[in-house]
Amino acid sequence: MIANVFENDPAQFLSKDFQSNANIAYEIVSKILEMGPCQPLPTELPGSKYPVINGHRFSPKLYHRILPDGTVTRRNWLSYSKSTERLYCIECILFPGKGKNAPNKAWVIDGYKNWSTCTNKIENHEKTSAHIYSSLTLKIRQSSLPLVPSIATKKNEEVFMNREIIKELIDITLFLGRHNMAFRGHRENWQNNMCGNFKDLCSLISKFSPAMATYFSSLKQKYKINQRTQYSFTSWRRQNALIDIVSNHIKSSISLTIKNSKFFSIAIDSTFDVSHREQISFVFRYVDEEKCEIKERLLALKDTPKTTGNALCEIFKEVSKLNNLDWTNNLVGQSYDGASNMRGRYNGLQQLIRNENPQAIFIWCFSHRLNLIVADAVSVCSNAMDLFGNLERLYDFISSSKFRADVYEKQQKKHNHGQQIRRLKRVSCTRWMSHKFALDVVLNTYVAIVECLNVIRSESGDKKAGSEAGGFLNYFQSTRFVYTAYSFKVLLQILEPVSSLLQKTDFDLLAASFLIKKKYGEITSYRSEESFKIILAESEAFMDSMQNIEFQPLPERHARKRKIMFDEEASDETISDPIVNFRVNTYFASVDLILSELNRRFLGDNNENLEQISIFKDLSLLSKKRMKELKANPTQLPKDAFLMVCKIYKKYLKPEVICDEYLNFIQCFDVFLKTDELPKYLHSDNDIAKDSDSELETENYDNDVDDDSDSLKNEIENHGSLLPVFRVFMRNGLHTLFPNIYILLKLSLTLPVGSVSTERSFSKLKLIKTRLRSTMGNDRLEGLMIMSCENDININYEEVIENFSKTSPYLFKALH
C-alpha cells in the first residue's frame, strides 16, 4: 500500500488540531498554502488512471470550473487524496467557520467519494455559506500577508538599532567612570544647553552615530510636544542601572579570575570621605597564570560606622560571600597598616581571620613601616626637627599669600631660566617620601627662595611677614641648614627608590626582603668618616656656588658646667668642635636610628617578624642566586629547608617530596632560563650607528623613570625576585613535573608586600566623591570606584546588554 505519495495529500492534515482549529501554527498554515491543493493527474497515478469505485471513476475535469461567460478557472480549494481516494476542501479544513458557517464534515473530515453525483456536490459546496466564509478568510489573509514579514523585519531593525544605542551608552558610562567625572547635571531637561555630562556626551556622539542621531531626534521631538516616551535609555534610572551592571560585570570578571587562580590575599584600609563616612577598601591580590602577572584588584568599597576588628571581620566575610570566594581555604595572606584594630594580636582583624584560617599570615605593610622609619629619622635631633619644621613653615608662609607665591614664581623665572616652574611641597608624615620631595624643591630653587624672602622683607609692608621672612633668611643662609640638608638628602635618596619599588604591585616578598637588606648594607657603609667628608665637600661646593650669599658658620658650643655628684667617677666630655658635634649628634645619630629601625621593623628576629623571616628564608631558596649555588653543591641544602612554609601551608605542600622536586628542578633550571631569554638587541652597535635616522635615537622628554630605580629593579629581578622564575616555570609547562614547586612559587607571589593599592583607591575616592557629589549613595560610589580603578578589564557588551534588558520589561521588549 502506497501512503502519502504526495506531499500535499490533504489526508495527512486531518489531525485533531486541524479538526478543532486549535494550536495551528501560523507557519504551518503558510507552508500548506504554499504547496497548494493536491490535484494529481492520471499520469501521476499507478496505472495512469483513477481507481473505479461502484462503477464510476473520478474525472480530472472537476479540477476546473466553467463560469457562465465561458471562462475556465481552477478550483484551488479542491484537493484529491491518493491515500484515501477521497475529495476534500482544503480551504474549509484550514479556515473552518463556526455555527451556521460550520462546514460539512464530509468535506473536512470524512472526505467525499461518490463519483456518480460528484459534479453536483462540488458545485453545491461552492455555493454554501461555510465555503464562502472559509474562502473569504483565506483572501483576507493573503491580502495582509505581505505586511507580516515587513512588521517582523521592522521589529528586528529596531532591536538591532536599540542594541547599538546601548553599546554606545555603555562606552559613555565607561568613559565617565574611568575619568572620575560626574554623570548628571543640575538640570537635565532637553531644553537646556547643558544637560549633564552623560546626556551631553550622548548628544555629541549622535552627531556621528546614525543610531544615536535617529533616537535622540525623536526623543527631543517628543519632549517638545510633551509626549511621553514608552521607555528612555538616558534617564537617571537607566544611568544608575548601567553603572551597576557594568561594575558588577567587572567584579564578576575579577572574581572568576581569582577563582581560577585559587590562592588570593587581602589588603584592607579605611578612610574618611568628604561626607564624613568611614569608607573601607578591599583589594585582592592574586596571580594571573595566563599572563604570568601579579594583580591587585579593588573588589569592594563599603562604609561602616564601626571600625573595630570584629566589625571589619564581618564586613570582610560578607564581601567574600557576595563574590563567591572561599576565604577559609584559599586566603593565604593579609596586609594592613599599623593600626591596632588591624594588626592587634588578640582582637585585631588579622588575628580574627587567622583564628578561622591559620594559613592567612599577616604581613605589616612594608611601605607603612618604611614611612615610620623616615618619620622617626627626621625628628631624631634638633637640627633635623629645625630643617623639616622650617620647610613646612616655609610652605605655609609662601603658599598662603598670592603676593608671596607670585614673587617666588618670578624669582624662579629670573634665576632658573628655561626650567620648569616648581611649587613648594608640604612636609607630611602621611604622604610617603614627602620629606625628600620638599627638600629637593628647596635645594633646586634655593636662590629664588632667598631672593623671594628678601623681596618680602623689604617690599611687603607687613611687619609680621617681614619678621617671619627675616627668620627664614637667618636659617636658610646658615651652614647648619646646608649641612643638615645634604646629610638628609643622601639618606633620603637611598630610601626613596625603596619606597617607590615597594609600591609596585608586581613586587613579591622575596624581592622586598632582598631590597631592604641591600639598602641596610648601603646605609651601613655611609656610617664612616669618608662618607661624612664627601657630604661636607658637597655642602661646601653648594655654598661656594652661591657667590652673593654669605652663610653663617656653625655655632660653637661652650662647655656648660654641671655639678658632679659625690659618687660620679667620670664626667661626660663636651664636644667643642662644631663639625665633630654635627657629625656625632646629627649625621651619625640619623644613620644609627635608621639602621636600628630597619633592623627592628624588618630584619630583627622579634615575635612580630619571626614568622615572616622564617618564610623569607624558605623562599630565598627559589631565587636565581641560591639555585645556582645549590646546583653546584646540592649537599649544602639545609636540612630544615621549606619546613616553615610547609608547616603553614600544609594543605597544599608535602614536605617529604618538595625537597626532592627542588633538587631536580635546580639541575634543569638554567637550561630553561637560557631558552626563555631573548636578546636585548637584534643588531650590533655598528649596525645601529649606520642608521642615523633610526627611531632608537629619539628622546622621550616625558619619561620620569629614575635610572637608579630601574637598575635596582633589574638587579632585584636577577637575584631576589620570584616572578621571573615563575614565568620561566609556566612558559615551559613545568607545573606538571614539579607540582609542589609550582604551588610554592604561586603562594610566594600571592603573599602581599603591602596595602599600597588601598591607598591608591582612596586617591580615586577623592576624585569621585567631591564636595559637589557628597550625597552619592554607597552602591553608586562603589560602582564608579571599580570602573575607575579597574579600567583595564575588557567588557563583554552582549552580556552587559542582556543584564541591562532584565532590569525592565520595557527594556526587554526593546532589546529582544
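Residues numbered from 1 in each chain as written. Predicted model: local features only at pLDDT ≥ 70, side-chain atom pairs only at ≥ 80, totals over all residues. Heavy atoms only, no water.

*Asks:* Sorry, what's going on with the overall build of the protein chain here?
*Replies:* Looking only at helices and strands, the protein chain features 36 helices and 11 strands. The buried share among the 816 residues of the protein chain stands at 48%. A fraction of 72% describes how many contacts in the protein chain between residues 6 or more apart in sequence connect residues 24 or more apart. Accessible surface for the protein chain amounts to roughly 43,500 Å². Of this, 50% is attributable to carbon and sulfur atoms. (Helix = DSSP H or I, 4+ residues; strand = E, 2+ residues; numbered from the N terminus. Buried < 20%, exposed > 50% of the residue type's maximum accessible area, 1.4 Å probe, protein only. Contact = heavy atoms within 4.5 Å. Areas by Shrake-Rupley, 256 points an atom, 1.4 Å probe, with all protein chains shown as cover.)

*Asks:* Just checking my understanding: could you explain empty space enclosed by the protein for this structure?
*Replies:* Over the atoms a probe the size of a water molecule is rolled, and this reveals where empty space is left. Overall, the coordinates contain 4 cavities of 30 Å³ or more when judged by the stated rule. Taken as a whole, the second largest cavity spans an internal volume of roughly 50 Å³. Every residue lining the second largest cavity is listed: Arg-285, Glu-296, Leu-502, Gln-503, Lys-504, Thr-505, Val-753, Gly-754, Ser-755, Val-756, Ser-757 and Arg-760. In terms of residue count, the dominant contributor to the lining of the second largest cavity is helix α33 (residues 756–768) (3 residues). Here the residues of the lining of the second largest cavity sort into 3 nonpolar, 5 polar and 4 charged. (1 Å grid on protein atoms, 1.4 Å probe; cavity = no way out; pocket = protein on both sides within 12 Å on 5 of 7 lines; lining within 4 Å. Points joined across faces, edges and corners; volume = space filled by probe spheres on them. Nonpolar A, V, L, I, M, F, W, Y, C, P; charged D, E, K, R; others polar.)

*Asks:* Honestly, a positive patch on the surface in this entry has me stumped. Any pointers?
*Replies:* A grouping of Arg-422, Lys-425, Arg-431 and Lys-766 is seen on the molecular surface, where their side chains present a positively charged patch. You can see Arg-431 is positioned in the loop between α17 (402–415) and α18 (434–444). Exposure remark for Arg-431: the relative accessible area of 61% places this residue in the exposed category. (Patch = residues over 30% accessible without salt bridge, like charges linked within 9 Å, V, L, I, M, F, W, Y side chains within 5 Å. Salt bridge = Lys/Arg side-chain N within 4 Å of Asp/Glu carboxyl O. Lys, Arg positive; Asp, Glu negative; His and termini not counted. Charge placed at Lys NZ, Arg CZ, Asp CG, Glu CD.)

*Asks:* Quick question: what am I supposed to make of the nonpolar core here?
*Replies:* Note on soluble globular proteins: their nonpolar side chains tend to be buried together. By size, the foremost hydrophobic cluster in this structure holds 128 residues, and its most contacted members are Phe-366, Phe-476, Phe-481, Phe-642, Tyr-649 and Tyr-662. Here this core takes 14 residues from helix α21 (residues 479–502), the largest share from any one element. Not counting residues up to four positions away in its chain, the partners in contact with Phe-481 are Leu-387, Val-442, Leu-443, Tyr-446, Tyr-475 and Phe-476. (Core = buried A, V, L, I, M, F, W, Y, C linked by side-chain atoms within 4.5 Å.)

*Asks:* Sorry if this is basic, but what is going on with the pairing of strand β10 (residues 331–336) here?
*Replies:* Each regular strand displays side chains that alternate between the two surfaces of the sheet. Within β10, 6 of the 6 residues are buried, which leaves the element mostly enclosed by the surrounding structure. Pairing between strand β7 (residues 264–272) and β10: 4 bridges, direction parallel. The partner of Ala-267 across the bridge, within β10, is Ser-335. Pairing of β10 with strand β11 (residues 361–364) involves 4 bridges; the strand directions are parallel. Bridging across to β11, Gly-333 finds its partner in Ile-361. (Pairing = 2+ DSSP bridges.)

*Asks:* What exactly am I supposed to notice about the packing of α17 against helix α19 (residues 446–459) here?
*Replies:* A pair of packed helices is characterised by two quantities: the angle between their axes and the separation of those axes. Relative to each other, α17 and α19 sit at 135°, their axes nearing to 8 Å. Considered as vectors, α17 and α19 are oriented oblique to each other. For the pair α17 and α19, the crossing hand works out as right-handed. Only Val-447, Ala-448, Ile-449, Glu-451, Cys-452, Val-455 and Ile-456 of α19 make contact with α17, whose side of the interface consists of Arg-404, Val-407, Tyr-408, Gln-411, Gln-412 and His-415. Here the contact of α17 with α19 is built from residues that sort into 8 nonpolar, 3 polar and 2 charged. (Axes fitted to C-alpha atoms, helices over the stretch in contact; angles between N-to-C directions. Parallel < 35°, antiparallel > 145°, perpendicular 65-115°, else oblique. Left-handed = near helix turned anticlockwise from the far one by under 90°.)

*Asks:* Help me understand the pattern of salt bridges, please; the structure alone is not making it clear to me.
*Replies:* Proximity of charged atoms lets side chains of opposite charge pair with each other. If you walk through the whole model with that rule in mind, you get 32 salt bridges. Salt-bridge contacts for Lys-167 lead to Glu-798; the nearest nitrogen and oxygen are separated by 3.4 Å. Here Lys-167, found in helix α7 (residues 147–178), pairs with Glu-798, found in helix α35 (residues 797–805); they are 631 residues apart in sequence, far enough to count as distant. Glu-798 gets classed as partly exposed once you look at its relative accessible area, which sits at 35%.

*Asks:* So what exactly am I meant to see when it comes to the layout of surface pockets here?
*Replies:* Looking at the largest pocket, its volume works out to about 850 Å³. In terms of lining, the largest pocket is formed by 25 residues, of which the most central are Thr-430, Arg-431, Trp-432, Glu-759 and Ser-763. For the lining of the largest pocket, the elements supplying multiple residues, two or more each, are β7, α15 (366–377), α21 and α33. In terms of residue count, α33 provides more of the lining of the largest pocket than any other element does, 6 residues in total. Here the residues of the lining of the largest pocket sort into 8 nonpolar, 10 polar and 7 charged.

*Asks:* What am I meant to see in the packing of aromatic side chains here?
*Replies:* Between two aromatic rings, the relevant description is the distance of the centres plus the angle of the planes. One pass over the structure, following the stated rule, counts 36 aromatic pairs. Within the aromatic cluster, the residues linked to one another by ring pairs are Phe-397, Tyr-446, Phe-472, Tyr-475, Phe-476, Phe-481, Tyr-486, Phe-542 and Phe-551. The lysine or arginine in question, Arg-527, covers the ring of Phe-588, its NZ or CZ lying 4.5 Å from the ring centre. Arg-780 extends its terminal NZ or CZ atom over the ring of Phe-183, reaching a point 5.4 Å from the ring centre. (Phe/Tyr/Trp six-rings, centres within 6.5 Å; stacked < 30°, edge-to-face > 60°. Lys NZ or Arg CZ within 6 Å of the ring centre and 35° of its normal.)

*Asks:* Honestly, the sheet that holds strand β8 (residues 278–288) in this entry has me stumped. Any pointers?
*Replies:* As a general point, the strands of a sheet are linked pairwise by backbone hydrogen bonds and lie either parallel or antiparallel. Spatially, the 5 strands line up as an open sheet ordered β9-β8-β7-β10-β11, and their pairing is mixed. Strands with a single pairing partner mark the edges of an open sheet, and in this sheet they are β9 (293–303) and β11. Between one strand axis and the next, the sheet turns by 25° as a mean value, whatever way the strands run. Pairing geometry for β8 and β9, over 10 bridges, is antiparallel. Looking across to β9, one finds that Ser-281 is bridged to Leu-301. Strands in contact with helix α14 (residues 349–356) are β7, β10 and β11; relative to β10, the strand with the most contacts, it is inclined by about 170°. Helix α34 (residues 778–789) rests against β8 and β9 of the sheet, and its axis sits at about 165° to β9.

*Asks:* Would you mind showing me how to read the environment of Cys-202 here?
*Replies:* Counting through the fold element by element, Cys-202 comes out in helix α8 (residues 197–206). For the pair Cys-202 and Ile-165, spaced 37 residues apart in sequence, the C-alpha separation works out to 9.6 Å. Cys-202 has contacts with Leu-169, Ile-172, Met-212, Phe-216 and Thr-234, leaving out every residue within four places of it along the chain.

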